[in-house]
Amino acid sequence: DSGVTQTPKHLITATGQRVTLRCSPRSGDLSVYWYQQSLDQGLQFLIQYYNGEERAKGNILERFSAQQFPDLHSELNLSSLELGDSALYFCASSGGGSYNEQFFGPGTRLTVL
Amino acid sequence: GENVEQHPSTLSVQEGDSAVIKCTYSDSASNYFPWYKQELGKRPQLIIDIRSNVGEKKDQRIAVTLNKTAKHFSLHITETQPEDSAVYFCAASKRSNTGKLIFGQGTTLQVKP
């Protein structure tokens, strides 16, 4: 167990809908990263938050957004869902130190029908 | 842009043999290189990492080597066991205020009993 929690484990929804994925980092970690893993794309970095502020953006679609709250948990919001958004979404956390060891949560499997 | 190439995409070995997975990174400013093991449907687990000021690191049956000049790093698993079967990902990141990981495409390792 990495200490990073994610809810829900599974999410099945329809095209056009909006969903929210939640992540709680390890105790004491200030950074949260979101990654998308689809079959043909591997692990792709989406976005990073550090202590409530956006720190870096990857290839995140405009339909996706995220935030980190004062208690350091983070939410990833996916809207106007398309079939191609079906994937595993992982969050990872780190202490924000120089070398940024990241520990992953169990993931949320999103299926868009 | 930032890119990590990983080879081979699949690797099949007999139990007890060694396995080697190689990665090449494009950004010469990268200085942290973790390796993750992912079992089917599970989260990526950090198994070993290396920093740019070190050429080699060992942890029991696994070792990682880094050649900064060639921008190349490798994972070595000796005395492979069936439980080593999984997908292995290499990644690279830069020392900065963002530690986003750029992942390789993954290697599916199968260890045959």
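Residues numbered from 1 in each chain as written. Chains lettered and ligands numbered in written order. Predicted model: local features only at pLDDT ≥ 70, side-chain atom pairs only at ≥ 80, totals over all residues. Heavy atoms only, no water.

Let's talk about the overall build of chain B
Where we set the bar: Only DSSP runs of H or I with at least four residues qualify as helices, and only runs of E with at least two residues qualify as strands; both kinds are numbered from the N terminus onward. Radius of gyration means the value over C-alpha atoms here, while the globule rule gives 2.2 Å times the residue count to the 0.38 power. Between buried and exposed lies partly exposed: a residue is buried under 20% and exposed over 50% of the maximum accessible area for its type, with that area taken using a 1.4 Å probe on protein chains only. Whether two residues are in contact is decided by their heavy atoms: any pair within 4.5 Å suffices.
Within chain B, the secondary structure is distributed over 0 helices and 11 strands. Going from the N terminus to the C terminus, chain B shows its helices and strands as β-β-β-β-β-β-β-β-β-β-β. Relative to its length of 113 residues, chain B is compact, with a C-alpha radius of gyration of 14 Å against a globular reference of 13 Å. With the C-alpha coordinates aligned to their principal axes, the bounding extent of chain B is approximately 45 × 30 × 20 Å. Every one of the 113 residues in chain B was classed for burial, and the buried ones make up 46%. Counted over contacts in chain B with a minimum sequence separation of 6, partners at least 24 positions apart contribute 54%.

A closer look at the sheet that holds strand S8 (residues 74-78) of chain A
Neighbouring strands of a sheet are bound in pairs by backbone hydrogen bonds; such pairs are parallel or else antiparallel. Residues and elements named next belong to chain A. The condition that has to hold: At least two bridges found by DSSP between two strands are what make those strands a pair. Orientation is described by axes fitted as lines to C-alpha atoms, over the contacting stretch for helices, and by angles from 0 to 180 degrees between their N-to-C directions.
What the 4 strands build is an open sheet, ordered S1-S3-S8-S7; its pairing is antiparallel. Both edges of this open sheet fall to strand S1 (5-7) and strand S7 (64-68), since each of them pairs with a single strand only. Across the sheet, the mean angle from the axis of one strand to that of its neighbour is 15°, orientation sign disregarded. Pairing between S7 and S8: 5 bridges, direction antiparallel. Residue pairing across strands places Ser65 opposite Asn77, the latter belonging to S8.

Focus: the packing of aromatic side chains
Quick reminder of the rule: Centres within 6.5 Å are what make two rings of Phe, Tyr or Trp a pair, Trp counting through its six-membered ring; a difference in plane orientation under 30 degrees is then read as stacked, over 60 as edge-to-face, and the rest as tilted.
Enumeration over the complete set of coordinates arrives at 15 aromatic pairs over all chains. Centroid distance Tyr35(A) to Phe103(B): 5.6 Å. Interplanar angle 85°. Geometry classified as edge-to-face. With Tyr35(A) in strand S4 (residues 31-38) and Phe103(B) in strand S10 (residues 102-103), this pair bridges two chains. Using a relative accessible area of 8% as the deciding quantity, one classes Phe103(B) as buried.

Some details on the environment of Pro25(A)
Residues and elements named next belong to chain A. Within the element layout of this structure, Pro25 appears in the loop between strand S3 (19-24) and S4. Residues Pro25 and Gln6 lie 19 residues apart in sequence; the distance between their C-alpha atoms is 8.8 Å. Excluding its chain neighbours within four sequence positions, the residues that come into contact with Pro25 are Gly3, Val32, Leu72, His73 and Ser93.

Considering the state of the cysteines
Short version of the rule: Criterion for a disulfide: a pair of cysteine sulfur atoms within 2.5 Å.
Applying the stated rule across the entire model yields 2 disulfides over all chains. Between the sulfur atoms of Cys23(A) and its disulfide mate Cys91(A) the distance is 1.9 Å. Between Cys23(A) and Cys91(A) the disulfide shows an S-S torsion of about 70°. By sign, it is right-handed. Linking Cys23(A) in strand S3 with Cys91(A) in strand S9 (residues 87-94), this pair joins segments that are 68 residues apart in sequence. The side chain of Cys23(B) participates in a disulfide bridge whose partner is Cys90(B); the two sulfur atoms lie 1.9 Å from each other. Between Cys23(B) and Cys90(B), the S-S dihedral sits near -100°, and the bridge is therefore left-handed. With Cys23(B) in strand S3 (residues 19-25) and Cys90(B) in strand S9 (residues 86-94), the pair connects residues that are 67 residues apart, well separated along the chain.

Comments concerning the interface of chain A and chain B
Short version of the rule: Summed over both partners, buried area is the accessible surface (1.4 Å probe) that two parts give up on being assembled. Salt bridges are defined by distance alone: a side-chain nitrogen of Lys or Arg within 4 Å of a carboxyl oxygen of Asp or Glu. In protein, a polar contact means a hydrogen-donor-capable atom and an acceptor-capable atom, both N or O and within 3.5 Å, with residues adjacent in sequence counting only if both atoms are side-chain atoms; elsewhere, any N or O pair within 3.5 Å suffices. Following the grouping adopted for this structure description, the nonpolar residues are Ala, Val, Leu, Ile, Met, Phe, Trp, Tyr, Cys and Pro, the charged ones are Asp, Glu, Lys and Arg, and the polar ones are all others, Gly among them.
On the side of chain B, 20 residues touch chain A, which itself brings 22 residues to the contact. Overall, the association of chain A and chain B removes approximately 1,900 Å² of surface from exposure, summing both partners, and the carbon and sulfur fraction of that is 55%. Counting across the interface, chain A meets chain B through 1 salt bridge. Of the charged contacts in the structure, one is a salt bridge between Glu101(A) and Arg51(B), with a shortest N-O distance of 2.3 Å. Inspection of the chain A/chain B interface yields 4 residue pairs in polar contact (both at pLDDT 80 or more). Every element with two or more residues in the side of chain A that touches chain B is listed here: S4, strand S5 (42-50), strand S6 (53-57) and strand S10 (103-104) of chain A. Residue composition of the side of chain A that touches chain B, by class: 10 nonpolar, 7 polar and 5 charged.

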